[in-house]
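If you want the building blocks of each chain, they are given just below.
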Amino acid sequence: MTDHEPASPEAATPQEPDSGDGSDGLSEQDRAVLAFEARGWQRPGTKERAIREQLGLSPTRYYQLLGALLDDPAALRHDPVTVNRLRERRAARRAAR
């Protein structure tokens, strides 16, 4: 291909989101945080202990990562139910202020 030839259509086609092979734009840690948050938690103390034990993160760092994921389109494609639920909860908290 020379500088004057157009790129092939295949080269310009974006990948399918979340093809299962890790090419969804999320790290392993990002996917683990979303999966962890998708579970139901009855008590905050239990959840915070599990964050440390299962993810190896402090609760503060976990919530920082989670907040960033809520604004990430790749996270929305990966787990739209969880991300939309958390976005709604965040919006309700902000509206209550």
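Residues numbered from 1 in each chain as written. Predicted model: local features only at pLDDT ≥ 70, side-chain atom pairs only at ≥ 80, totals over all residues. Heavy atoms only, no water.

(A) Just the overall build of the protein, in detail. When you go through the protein residue by residue, the secondary structure sums to 6 helices and 0 strands. Ordering the α and β elements of the protein from the N terminus gives α-α-α-α-α-α. Of all 97 residues assigned to the protein, the portion counted as buried reaches 26%. Long-range pairs, those at least 24 residues apart, make up 45% of the contacts in the protein with a sequence separation of at least 6. (Helix = DSSP H or I, 4+ residues; strand = E, 2+ residues; numbered from the N terminus. Buried < 20%, exposed > 50% of the residue type's maximum accessible area, 1.4 Å probe, protein only. Contact = heavy atoms within 4.5 Å.)

(B) Just helix 3 (residues 44–55), in detail. The terminal C-alpha atoms of helix 3, which comprises 12 residues, lie 16 Å apart, in line with the 16 Å expected from a rise of 1.5 Å per residue. Of the residues making up helix 3, those classed as buried are Lys-47, Ala-50 and Ile-51. Projected down its long axis, helix 3 shows its buried positions confined to an angular sector of 110°, all on one face. In helix 3, the exposed positions angled more than 90 degrees off the buried face are occupied by Arg-52 and Glu-53. Residues of helix 3 that are buried in the fold lie against helix 2 (28–38) and helix 4 (59–70). The positive-phi residue at the C-terminal boundary of helix 3 is Gly-56, with phi of around 70°. (Expected span 1.5 Å × (residues − 1). Arc of directions from axis to C-beta.)

(C) Examining the packing of helix 3 against helix 4 more closely. Contact geometry for helix 3 and helix 4: axes closest at 9 Å, N-to-C directions at 85°. Classified by the interaxial angle, the pair formed by helix 3 and helix 4 is roughly perpendicular. Mapping the contact onto sequence places Lys-47, Glu-48, Ile-51, Arg-52 and Leu-55 in helix 3 and Pro-59, Tyr-62 and Tyr-63 in helix 4. For the contact of helix 3 with helix 4, the per-class residue count stands at 5 nonpolar, no polar and 3 charged. (Axes fitted to C-alpha atoms, helices over the stretch in contact; angles between N-to-C directions. Parallel < 35°, antiparallel > 145°, perpendicular 65-115°, else oblique. Nonpolar A, V, L, I, M, F, W, Y, C, P; charged D, E, K, R; others polar.)

(D) Layout of the pattern of salt bridges. Applying the stated criterion across every chain, the model contains 4 salt bridges. Residue Lys-47 pairs with Glu-37 through a salt bridge whose shortest N-O separation is 2.8 Å. Taken together, the residues span a long stretch of sequence, with Lys-47 in helix 3 and Glu-37 in helix 2 at a distance of 10 residues. The burial state of Lys-47 is the same as that of Glu-37; both residues are buried. A single salt-bridge network, built from bridges that share partners, covers Asp-24, Glu-28 and Arg-31. (Salt bridge = Lys/Arg side-chain N within 4 Å of Asp/Glu carboxyl O.)

(E) Examining the confidence of the model for the protein more closely. Of the residues in the protein, 76% have a pLDDT of 70 or more, and the chain-wide mean is 82. Contacts from residues 1–20, a stretch scored under 50 in pLDDT, to residues over four places away or in other chains number 6 contacts. (pLDDT = per-residue confidence, 0-100.)

(F) Looking closely at the side chain of Arg-90. If you trace the backbone, Arg-90 turns up in helix 6 (residues 80–96). If near-sequence neighbours (up to four positions away) are discounted, Arg-90 is found in contact with Gly-67, Leu-70 and Asp-71.

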